[in-house]
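# Understanding the architecture of this molecule
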Amino acid sequence: MGWMGEKTGKILTEFLQFYEDQYGVALFNSMRHEIEGTGLPQAQLLWRKVPLDERIVFSGNLFQHQEDSKKWRNRFSLVPHNYGLVLYENKAAYERQVPPRAVINSAGYKILTSVDQYLELIGNSLPGTTAKSGSAPILKCPTQFPLILWHPYARHYYFCMMTEAEQDKWQAVLQDCIRHCNNGIPEDSKVEGPAFTDAIRMYRQSKELYGTWEMLCGNEVQILSNLVMEELGPELKAELGPRLKGKPQERQRQWIQISDAVYRMVYEQAKARFEEVLSKVQQVQPAMQAVIRTDMDQIITSKEHLASKIRAFILPKAEVCVRNHVQPYIPSILEALMVPTSQGFTEVRDVFFKEVTDMNLNVINEGGIDKLGEYMEKLSRLAYHPLKMQSCYEKMESLRLDGLQQRFDVSSTSVFKQRAQIHMREQMDNAVYTFETLLHQELGKGPTKEELCKSIQRVLERVLKKYDYDSSSVRKRFFREALLQVSIPFLLKKLAPTCKSELPRFQELIFEDFARFILVENTYEEVVLQTVMKDILQAVKEAAVQRKHNLYRDSMVMHNSDPNLHLLAEGAPIDWGEEYSNSGGGGSPSPSTPEAATLSEKRRRAKQVVSVVQDEEAGLPFEASPESPPPASPDSVTEIQGLLAQGLRPESPPPAGPLLNGAPTGESPQPKAAPEASSPPASPLQHLLPGKAVDLGPPKPSDQETGEQVSSPSSHPALHTTTEDSAGVQTEF
């Protein structure tokens, strides 16, 4: 099977050359951007500079299918702030700080709610393995409410619930995990991030693959692994598929194991190679920056000269292509995007309004400021409440580009849905944080209960006005970006036969000293973008002029509507539990004993967003019985199965380390901090190193929106991690 390693190495070498080329371009663009600015409107809402890391999103029990015993087992599960699903043997094991059985990073996964749907996908993944009707399927679910995490390359995870309500809740939670983990490249990465995504696009276009790509999910190494598997997968099926033996179900099971084993090997190889090249370009970055600072004007002039020559060559062809094949469809694409997106943002506004209004009523009815700390702690985590946010997110599920998807080679609308949903979460959190900041200022005046209620209402109205403005700006930017994502790959594909072969002759126009910062291919794409940009801008502008979906016109600018607001955000983060506890509003009383102090600290830090806990002793209607082992397979498959056997050999768990985020309290437990989810997604590829926490926290909003510098927390508590064996396989104990 040495050909797999050679093939993987060849793909990585080719891609990483694209990455090195794009790194210089991205560095130049970033430094130019710092000087020239964005020209984007000033955001009215504040955003958190210190993320709400100390939180548990969700905890509860669910049944998981054990592949080794073919039985279903009740697992205590929780989702920490990094959105990695953590599975413990049971709640007692969690409380005793026993390492978890698994930590699932769900980037690239899809949630299936039907066993039939799963079996169809499995049957299609390996031709000739569809089970005959009446034969035992690869998976039996003991209830009518399964949730299956499916990945095209990595291992699959099987869960089930006892009721439809539980299934709906867990589906919302797991979808939130996927949404977050898919967005694995930090948005504040101004050089490495753009260089990587541009390199992915350029590499795939070099293979004549245009349009959106569903597997652009996770961090850089996960995405790179998906890129390799996109090419390696078909060859692997052709080589090994015919050699698998046994019944269709056994061949399916073998194929899933083989694919996962290969994916893990690809991941480790991609990780090593990418880190090597990243280190290389970062070492030469200071020298490149020095050249850019010295020669910025000359580089810009040289690039503009190149662009003018390319423009003169392609403009007649590009304009005809835009006029005939793109321009007529822009309004319909925009309308298809605007309706569900704007409904989602309206729902964000409505949910925020309802939560604050309900809180205000509770303040009136339950003793004023005494309960305010408790209410505000809950409100501060609203954007990360998967169930309350679900009504916002689900508005995007109606997005359809019927008739346009095939024309523009859009393989899936999921990339647009996910991006809009991330914007919704960010805007909700910005609205909540702005409300917190303004209300905290009002509380400094020592209001009575009646004055407090009036202050809450006034602050709510101020924040809603700011939200409406920012919502319009964010949506218009999203619409422009989405229209470009649809139209640019289509135009490049249309123009490629007549234009691409001519591009090398423009290389001589670039000075050798500037060749790392100016690429002909990138400049060509920018020229193509400019040919369609004016039509896109005009379409979005007309929608705003007509006040469609509550969009504001570009001419409406809220300059300095709250000149001192951003100064308020410079202070330390507000701890509502400490400042306004229910002991009387003056802060928490000091615990009288060390044990009480420890418990108080744990409870303070364990801020759970939502919890669903079922009876751990609950049984299932029936248990799946163990099946006979699969028959032996031919040599080439045996080699991989040997790797699987080596990779799945369990190790003894390490001594349990401290879990730092608190202890269970009352009926609704307040879980301790979970181990950090590592990469890659939910598969046994996760490379979890003891003592090394990998932050997959939510991306920070761009500092360009507020004009302020992002201040990072000075330190984060070390979080306990689970273990792997030497092959990087998630160990089941």
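Here the structure is a predicted model, which means the values were calculated and not measured.

A few words now on the overall build of the protein. For the protein, the count of helices and strands is 17 helices and eight strands. Relative to its 733 residues, the protein shows a buried fraction of 53%. Partitioning the contacts of the protein with sequence separation of at least 6, the portion at a separation of at least 24 is 81%.

Turning our attention to the packing of aromatic side chains. Overall, the coordinates contain 21 aromatic pairs when judged by the stated rule. Linked through ring pairs, Phe15, Phe18, Tyr19, Tyr23, Phe196, Tyr203 and Phe274 together constitute an aromatic cluster.

A few words now on helix α10 (residues 386–393). Listing the buried residues of α10 in full gives Pro386, Met389, Cys392 and Tyr393. In an axial view of α10, the angular spread of the buried residues amounts to 100 degrees, which keeps them on one side of the axis.

Turning next to unusual backbone geometry. At Tyr83, a residue that is not glycine, the phi angle is positive and equals roughly 65 degrees. Its location among the elements puts Tyr83 in the loop between β2 (71–80) and β3 (85–88).

Of all ten residues making up β2, eight are buried, and the element is well covered by its neighbours. The loop that links strand β1 (residues 55–66) with its antiparallel partner β2 comprises four residues; one of these, Lys70, has a positive phi angle of about 60 degrees. Alignment of β2 against β3, held across three bridges, turns out to be antiparallel. Paired with Ser77 across the strands is Leu87, a residue of β3. Counting the residues that bridge the hairpin from β2 to β3 gives four residues, and of these Tyr83 lies at a positive phi of roughly 65 degrees.

Interhelical geometry of helix α5 (residues 192–206) versus helix α6 (residues 220–240) gives an angle of 5 degrees and a closest axis separation of 11 Å. Relative to α6, the element α5 is oriented roughly parallel. Side by side, α5 and α6 meet where Phe196, Ile200, Tyr203 and Arg204 of the first sit next to Glu220, Ile223, Leu224, Leu227, Glu230 and Glu231 of the second. Its residues assigned to classes, the contact of α5 with α6 comprises six nonpolar, no polar and four charged.

A full pass over the atoms with the stated rule returns 32 salt bridges. The salt bridge partner of Glu36 is Arg32, with a shortest N-O separation of 3.0 Å. Residue Glu36 and its partner Arg32 are located together in helix α1 (residues 2–36), separated by four residues, close to a single helical turn. Among the residues examined, Glu36 registers a relative accessible area of 52% and is labelled exposed. A salt bridge links Arg201 to Glu525; its shortest N-O distance comes to 2.6 Å. Here Glu525 lies in helix α13 (residues 520–545) and Arg201 lies in helix α5, a separation of 324 residues in the sequence.

Bringing the packing of helix α8 (residues 330–365) against helix α11 (residues 414–443) into the picture now. With their axes 10 Å apart at the nearest point, α8 and α11 run at an angle of 25 degrees to one another. The angle between α8 and α11 falls in the class roughly parallel. Two packed elements cross with a definite hand, and for α8 against α11 that hand is right-handed. Facing α8, whose interface residues are Leu337, Thr341, Gly344, Phe345, Val348, Val351, Phe352, Val356 and Met359, α11 presents Phe416, Ala420, His423, Met424, Gln427, Met428, Ala431, Val432 and Phe435. Here the contact of α8 with α11 is built from residues that sort into 14 nonpolar, four polar and no charged.

Next up on the list: the environment of Lys417. Note on placement: Lys417 falls in helix α11. With relative accessibility at 15%, the residue Lys417 sits in the buried group. A sequence separation of 77 residues divides Lys417 from Pro340, and the C-alpha atoms of the two residues are 9.2 Å apart.

Counting residues in hydrophobic clusters, the biggest one holds 167 residues, and the most contacted among them are Phe15, Tyr19, Phe159, Phe352 and Phe435. Ranked by residue count, the leading element in this core is helix α7 (residues 248–326), at 25 residues. In contact with Phe352, not counting residues within four places along its chain, are Leu382, Met428, Ala431, Val432, Phe435, Leu460, Val463 and Leu464.

One can find Gly9 in helix α1. Relative accessible area serves as the criterion here: at 12%, Gly9 is assigned to the buried category. Put simply, Gly9 and Arg273 are 264 residues apart on the chain and 8.8 Å apart in space, counted from C-alpha to C-alpha. Beyond its immediate sequence surroundings of up to four residues, Gly9 is in contact with Gln269 and Arg273.

Our next topic: the side chain of Ser412. Residue placement: Ser412 occurs in the loop between α10 and α11. A relative accessible area of 12% places Ser412 in the buried class. Within the local environment of Ser412, its side chain forms a polar contact with the side chain of Glu214, the two groups lying 3.4 Å apart. At 3.0 Å, the side chain of Ser412 and the side chain of Ser414 are in polar contact. When near neighbours in sequence (up to four residues on either side) are disregarded, Ser412 contacts Thr212, Glu214 and Gln405.

In this section: the confidence of the model for the protein. For residues with low pLDDT, the predicted coordinates do not support detailed interpretation. Looking at the protein, the pLDDT average stands at 80 and 74% of residues meet or exceed 70. Between residues 583–597, whose pLDDT stays under 50, and residues either more than four places distant or in other chains, the model counts 16 contacts. Throughout residues 643–733 the model reports pLDDT below 50, and contacts reaching past four residues in sequence, or to other chains, amount to 268 contacts.

What counts, and at which threshold
Residues numbered from 1 in each chain as written. Predicted model: local features only at pLDDT ≥ 70, side-chain atom pairs only at ≥ 80, totals over all residues. Heavy atoms only, no water. Helix = DSSP H or I, 4+ residues; strand = E, 2+ residues; numbered from the N terminus. Buried < 20%, exposed > 50% of the residue type's maximum accessible area, 1.4 Å probe, protein only. Contact = heavy atoms within 4.5 Å. Phe/Tyr/Trp six-rings, centres within 6.5 Å; stacked < 30°, edge-to-face > 60°. Arc of directions from axis to C-beta. Pairing = 2+ DSSP bridges. Axes fitted to C-alpha atoms, helices over the stretch in contact; angles between N-to-C directions. Parallel < 35°, antiparallel > 145°, perpendicular 65-115°, else oblique. Nonpolar A, V, L, I, M, F, W, Y, C, P; charged D, E, K, R; others polar. Salt bridge = Lys/Arg side-chain N within 4 Å of Asp/Glu carboxyl O. Left-handed = near helix turned anticlockwise from the far one by under 90°. Core = buried A, V, L, I, M, F, W, Y, C linked by side-chain atoms within 4.5 Å. Polar contact = N/O pair within 3.5 Å; in protein donor to acceptor, adjacent residues only side chain to side chain. pLDDT = per-residue confidence, 0-100.

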